[in-house]
Amino acid sequence: FLEKGSKIHKFIEMYIRDKVELTEVETEFPVEVSRFKTFYSDFEPLLFQKSVHGVEIFLENKMFSGVIDCICADVFGQVYILEWKTSATKPETFDLKKCGAQLIRYKSLVESKMGLEVAFMLIVRFTGQEKRYKIFSIADQPFYRELLRNFAGEVSLLGSDNEEEAIDGYAA
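1. Here we look at the overall build of the protein
- Across its full length, the protein holds six helices and five strands.
- Taken from N to C terminus, the helices and strands of the protein fall in the order α-α-α-β-β-β-α-β-β-α-α.
- The 172 residues of the protein split such that 46% are buried.
- Accessible surface, the protein as shown: approximately 9,300 Å² in total, 51% of it carbon and sulfur.

2. Notes on the packing of aromatic side chains
- Taken as a whole and assessed by the stated rule, the structure comprises 16 aromatic pairs.
- Aromatic pair Tyr15 and Phe36: ring centres 5.6 Å apart, planes at 90 degrees, arrangement edge-to-face. Taken together, the residues Tyr15 in helix α1 (residues 2–18) and Phe36 in helix α3 (residues 30–47) connect sequence positions 21 residues apart.
- Residue classification places Tyr15 among the buried positions, given a relative accessible area of 13%.
- With a centroid separation of 5.6 Å and 85 degrees between ring planes, the pair formed by Tyr15 and Tyr40 is classed as edge-to-face. Note that Tyr15 is positioned in helix α1 and Tyr40 in helix α3, a separation of 25 residues in sequence.
- Given the relative accessible area of 4%, Tyr40 is considered buried.

Definitions and cut-offs
- Residues numbered from 1 in each chain as written.
- Predicted model: local features only at pLDDT ≥ 70, side-chain atom pairs only at ≥ 80, totals over all residues.
- Heavy atoms only, no water.
- Helix = DSSP H or I, 4+ residues; strand = E, 2+ residues; numbered from the N terminus.
- Buried < 20%, exposed > 50% of the residue type's maximum accessible area, 1.4 Å probe, protein only.
- Areas by Shrake-Rupley, 256 points an atom, 1.4 Å probe, with all protein chains shown as cover.
- Phe/Tyr/Trp six-rings, centres within 6.5 Å; stacked < 30°, edge-to-face > 60°.

Dropping the structure here:
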């Protein structure tokens, strides 16, 4: 599954950057590629005004690092972090809460290291039983505040002695 996911991620990066068609990936994974292309055509005019892909990011003194699939800005200048979920994630093992925790860490690192204010954290899933792509907004999930509490305990980036006040400010 990892090789398949990596191939699809690479295809997505190249397609967004250069509109390059990778016939072998399209032939090998037609469903996922088709779902991505539909997503991209639906959102390109709004969402992909500026974008960077495959951003490696890490937190000093903590054992966390990762590669952000896409950081992009919409026509209004709002910054998004997009996490692609491809066939590397088996549909039956897809864990939205775990992905949400990952995106909260990414948001913190993007804001502190890159100086960007992240407005939205989205997971875009190209697998599963759906006929199209599916978008999950982390801030809309019932476990969002719990994840923020866990993150606040994990690393003190919220800058407040009042945890609830800090979480409210960070969640906004």
